[in-house]
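Observations on chain architecture
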Amino acid sequence: MLVSLFCLLTLPMVQSQQKEVKWMSFEQLENALAAEPRRVLVDFYADWCAYCRKMDEAAFRDPEVVAALNTKYYAVRMNVETRDTIYFSGVPYVNREAGNKRNPVHEIPLMLASRAGEPFTLPAVVLLDESFQVRRRYFEYLSPERMRNILR
């Protein structure tokens, strides 16, 4: 009887967890990669980015996208304007543009999501392999259908 009651009470929590992407920080990613190497999706965004918000509402809430990200990938989300110092592999990364620029971009997105001869733009999604090597970069709104295809 207690087991049945427990199952009924926890079922909504399990279902709700599958409706959202399990986002992590770069610090959490480092530990996760050490324990179990996986592909990585990094979503770079800014609060002012309308297409970033649209992707949050559509692509990152799509059940197939959520399932793929939560089972086959580590999903990292980062506000490009953060002023936090982020440590990854013992190296500190900072936002050197903070205080000098209207929309300052942190070192990490500049390092992972820059293109030669092009300004940094949002939204920016970066796919990395199990060895943390960049495989693809996307600098546009990705619909749920396109995101599903990318993650396959």
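Each remark here, short or long, concerns the structure printed above.
Report follows, based on the coordinates. (Residues numbered from 1 in each chain as written. Predicted model: local features only at pLDDT ≥ 70, side-chain atom pairs only at ≥ 80, totals over all residues. Heavy atoms only, no water.)

1. Side note on the overall build of the chain
For clarity, the threshold we go by: Helix and strand definitions here come from DSSP, where helices need a minimum of 4 consecutive H or I residues and strands a minimum of 2 consecutive E residues; each element is numbered from the N-terminal end. Only heavy atoms enter the contact rule, under which two residues are in contact if any of them lie within 4.5 Å. Note on areas: Shrake-Rupley with a 1.4 Å probe; residue coverage comes only from the protein chains shown.
Within the chain, the regular secondary structure consists of six helices and seven strands. Secondary structure elements of the chain, listed N to C terminal, follow the sequence α-β-α-β-α-α-β-β-β-α-β-β-α. Within the chain, counting contacts between residues at least 6 apart in sequence, those at least 24 apart form 63% of the total. Of the roughly 9,200 Å² that the chain leaves accessible, carbon and sulfur atoms contribute 52%.

2. Focus on the environment of Val134
Threshold: Each residue gets one of three labels from its accessible area relative to the maximum for its type: buried under 20%, exposed over 50%, partly exposed in between, using a 1.4 Å probe on protein chains only.
Within the secondary structure, Val134 is located in strand E7 (residues 134-138). Classification of Val134 by relative accessible area gives partly exposed; the value is 25%. Each C-alpha atom, one on Val134 and one on Ala113, is 9.1 Å from the other, the two residues being 21 residues apart in sequence.

3. Regarding the environment of Tyr74
To keep it simple, the criterion reads: Between N or O atoms, a polar contact is any pair within 3.5 Å; within protein, one atom must be a potential hydrogen donor and the other a potential acceptor, and residues adjacent in sequence are included only when both atoms are from side chains.
Mapped onto the fold, Tyr74 is located in strand E3 (residues 73-79). Put simply, Tyr74 and Val42 are 32 residues apart on the chain and 8.4 Å apart in space, counted from C-alpha to C-alpha. Each residue touching Tyr74, except ones within four places of it in the same chain, is listed here: Met24, Leu29, Ala32, Leu33, Glu36, Arg38, Arg39, Val40, Leu41 and Leu69. In terms of polar contacts, Tyr74 uses its side chain to reach the backbone carbonyl oxygen of Ala32, at 3.2 Å.

4. Here we look at helix H2 (residues 26-35)
Cut-off, in case you're wondering: Taking the helix axis as origin, the arc is that swept by the directions to the C-beta atoms.
Within the span of H2, buried status applies to Phe26, Leu29, Ala32 and Leu33. The arc that holds every buried residue of H2, seen down its axis, measures 110 degrees, which confines them to one face. The exposed set on the far side of H2, more than 90 degrees from its buried face, consists of Asn31, Ala34 and Ala35. Here the buried face of H2 lies against strand E1 (23-24), strand E2 (39-45), E3, strand E4 (86-88) and helix H5 (107-112).

5. Quick look at the layout of surface pockets
Worth spelling out the cut-off: A cavity, in this analysis, means grid points on a 1 Å lattice covering only the protein atoms where a 1.4 Å probe fits yet has no way out; a pocket is instead an open set bounded by protein on both sides within 12 Å along at least five of seven lines, and a residue lines either one if it has an atom within 4 Å of a point. Grid points are joined across faces, edges and corners, and a volume is the space filled by probe spheres set on the points. Polarity classes work like this: nonpolar for Ala, Val, Leu, Ile, Met, Phe, Trp, Tyr, Cys and Pro, charged for Asp, Glu, Lys and Arg, and polar for all others, with Gly in that last group.
Approximately 170 Å³ is the volume attributed to the largest pocket. As for the largest pocket, its lining consists of Trp48, Val80, Glu81, Glu97, Lys101, Asn103, Pro104, Val105, Leu110, Phe120, Thr121 and Leu122. In the lining of the largest pocket, the residues fall into seven nonpolar, two polar and three charged.

6. Things to note about the state of the cysteines
Here is the rule: Any two cysteine sulfur atoms within 2.5 Å of one another count as a disulfide.
Summed over all chains, the structure comprises one disulfide. With its sulfur 2.4 Å from that of its partner, Cys49 forms a disulfide with Cys52. Looking along the S-S bond of the Cys49-Cys52 disulfide, the torsion reads about 80 degrees, which is the right-handed sense. Take Cys49: its relative accessible area is 4%, and that puts it in the buried class. A relative accessible area of 5% means that Cys52 is categorised as buried.

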